[in-house]
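Observations on the model geometry
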Amino acid sequence: MTVIFSTHPLHPEVSRDLAGMGELRVSSAPTPAAIAAESAGAEIIVVRAPIAPEILRREAALRACVRHGAGLDMIPVDVATEAGVLVANVPGANAVTVAEHVIWSSMALLRKHPAVRADWLADGWEAGRRHADSGRELSGRVLGIIGMGNVGRALFGMARHGFGMRVLSLTRTPSRLPEGAEAADLDGLLANSDVVALCCPLTDETRGLIDGAALARMRPGTVLVNVSRGPVVDESALVEALRSGHLGGAAVDIFSEQPLPAGHPLMSLDNVILTPHMAGITEESMLRMGQGVVTAVRQILAGELPDTLCNPGAVDAYRGRFRD
């Protein structure tokens, strides 16, 4: 029977569908050791945690790694390609979910919610209310989106049509921007945005993109929201910009080191919203992403290439390994 291994539990409907195609195994813990040991014999790996290159080289029956989501940084794609292992993903399934996260966290920061709550609980009702007069509305402000993929486009729609925001975008394909979005370079976007949302993938070009100099170019009071990848931001520089008051706040969902270590400086600030890499996770998005996984797995087990194949360079080696 085909062994389908998942690094995490899945939506019940998705688990049922996958179990109908083979033996579904779920890792006892999303740790490197558990994943390495318990993925032995897998023909399909459903990926929600990093997969070590050794697994791809070790598993002679492994057909594919299917990412439960869009980003491929958890899969060593080059090793998979060399080993003749297909890589597929589920792009766009959680775009609305992530975009909603950007909107609510931006609103909460503009209204000083973290400080309101902390001061209310520590010093009483009036201490919390004193922040009210300095709260700001999201409507009509300028949003800068770095990365106009599925998430960026969903966010644009909410911001432009729901809140009447002017939207600036830094993208490699400005000709494909939706009507109403304005192309901008990095300096122009940082200098003119009230909210900056990082929605880009992690690449050599984006690693360290938001460093101390970039933060200094933002207008005072800017809110920064990172739903991309941790290394896009210099976290030490971000802490200093928040402590100094130059930034109005930051919402960070993903970090350079995960889980975020206890006692990290970001945890002590009252102008931040921290979430444990969950911006794209809701009941609805888990079902949509899982359904995409089911489709890809079904295609692979039927001898087809998945519609969302990410490494076409692996196909020849893959077909050489599985001639059935």
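Residues numbered from 1 in each chain as written. Predicted model: local features only at pLDDT ≥ 70, side-chain atom pairs only at ≥ 80, totals over all residues. Heavy atoms only, no water.

The helix and strand inventory of the chain stands at 13 helices and 12 strands. For 324 residues, the compact-globule estimate of 2.2 N^0.38 gives 20 Å, and the chain sits close to it at 22 Å. Along the three orthogonal principal directions, the C-alpha set of the chain runs to about 70 × 45 × 35 Å. Intrachain contacts of the chain at a sequence separation of at least 6 include 61% that bridge at least 24 residues. As displayed, the chain offers around 15000 Å² of accessible surface, 52% of which is attributable to carbon and sulfur atoms. (Helix = DSSP H or I, 4+ residues; strand = E, 2+ residues; numbered from the N terminus. Rg over C-alpha atoms; globule rule 2.2 N^0.38 Å. Contact = heavy atoms within 4.5 Å. Areas by Shrake-Rupley, 256 points an atom, 1.4 Å probe, with all protein chains shown as cover.)

Turning our attention to the packing of helix α5 (residues 95-110) against helix α8 (residues 150-163). Running from amino to carboxyl end, α5 crosses α8 at an angle of 50°, the nearest separation of the two axes being 8 Å. The angle between α5 and α8 falls in the class oblique. Pair α5 / α8 crosses with right-handed handedness. Side by side, α5 and α8 meet where Ala95, Val96, Val98, Ala99, Glu100, Val102, Ile103 and Met107 of the first sit next to Asn150, Val151, Ala154, Leu155, Met158 and Phe163 of the second. A class-by-class count of the residues in the contact of α5 with α8 yields 12 nonpolar, one polar and one charged. (Axes fitted to C-alpha atoms, helices over the stretch in contact; angles between N-to-C directions. Parallel < 35°, antiparallel > 145°, perpendicular 65-115°, else oblique. Left-handed = near helix turned anticlockwise from the far one by under 90°. Nonpolar A, V, L, I, M, F, W, Y, C, P; charged D, E, K, R; others polar.)

Applying the stated criterion across every chain yields a total of two aromatic pairs. Taking the centre distance of 5.6 Å and the plane angle of 85° together, the rings of Trp120 and Trp125 count as edge-to-face. Relative accessible area serves as the criterion here: at 54%, Trp125 is assigned to the exposed category. Plain terms: the ring middles of Tyr318 and Phe322 are 5.2 Å apart, the flat faces sit at 50° to each other, and that makes the pair tilted. Lying across the ring of Phe322, Arg63 places its NZ or CZ 4.2 Å from the centre. (Phe/Tyr/Trp six-rings, centres within 6.5 Å; stacked < 30°, edge-to-face > 60°. Buried < 20%, exposed > 50% of the residue type's maximum accessible area, 1.4 Å probe, protein only. Lys NZ or Arg CZ within 6 Å of the ring centre and 35° of its normal.)

This brings us to α8. Because each turn of an α-helix spans 3.6 residues, side chains separated by three or four positions end up pointing in the same direction. Between its terminal C-alpha atoms α8 stretches 19 Å, which fits the 20 Å expected from 14 residues at 1.5 Å a residue. Buried residues of α8: Val151, Gly152, Ala154, Leu155, Phe156 and Ala159, and no others. Packing partners of the buried residues in α8 comprise α5, β6 (142-146), β7 (166-170), β8 (181-183) and β9 (195-198). The first or second residue beyond α8 is Gly164, which carries a positive phi of 60°. (Expected span 1.5 Å × (residues − 1).)

With that out of the way, let us pick up the packing of helix α1 (residues 12-19) against helix α12 (residues 283-301). Axis separation between α1 and α12 bottoms out at 9 Å; the angle between their running directions is 10°. In terms of their interaxial angle, α1 and α12 are classed as roughly parallel. When α1 is examined against α12, the residues Glu13, Val14, Asp17 and Leu18 are found in contact with a partner set consisting of Leu287, Gly290, Gln291, Val294 and Val297. Taken together, the residues of the contact of α1 with α12 sort by class into five nonpolar, two polar and two charged.

On to the sheet that holds strand β12 (residues 272-274). Across the sheet, seven strands lie side by side as β8-β7-β6-β9-β10-β11-β12; this open sheet has parallel pairing. The sheet terminates laterally at β8 and β12, the two strands that pair on one side only. When strand polarity is set aside, the average angle formed by the axes of neighbouring strands in this sheet is 15°. Relative to β9, β6 is paired through four bridges, and the arrangement is parallel. Across the sheet, Ile145 pairs through a bridge with Ala197, a residue of β9. Contacts from α8 reach β6, β7, β8 and β9 within the one sheet, and its direction differs from that of β6 by about 175°. Against the sheet, helix α11 (residues 235-244) contacts β10 (223-226), β11 (249-252) and β12, and its axis sits at roughly 145° relative to β11. (Pairing = 2+ DSSP bridges.)

Taken in spatial order, the five strands make up an open sheet running β2-β1-β3-β4-β5, and their pairing is parallel. At either margin of the open sheet sits one strand with a lone partner, and together these are β2 (23-26) and β5 (86-88). Strand-to-strand twist in this sheet, taken as the mean axis angle between neighbours without regard to direction, amounts to 20°. Inspection of the sheet shows strand β1 (residues 3-6) paired to strand β3 (residues 44-47) by three bridges, in the parallel sense. Its bridge partner being in β3, Ile4 is matched across the sheet by Ile44. α12 contacts β1, β3, β4 (64-67) and β5 of the sheet and is inclined by roughly 165° relative to β4.

Attention now moves to the pattern of salt bridges. Tallying each qualifying case throughout the model produces 11 salt bridges. Note that Glu23 and Arg25 form a salt bridge whose closest N and O atoms lie 3.0 Å from each other. Across the pair Arg58 and Glu59 runs a salt bridge, and its minimum N-O distance is 2.5 Å. (Salt bridge = Lys/Arg side-chain N within 4 Å of Asp/Glu carboxyl O.)

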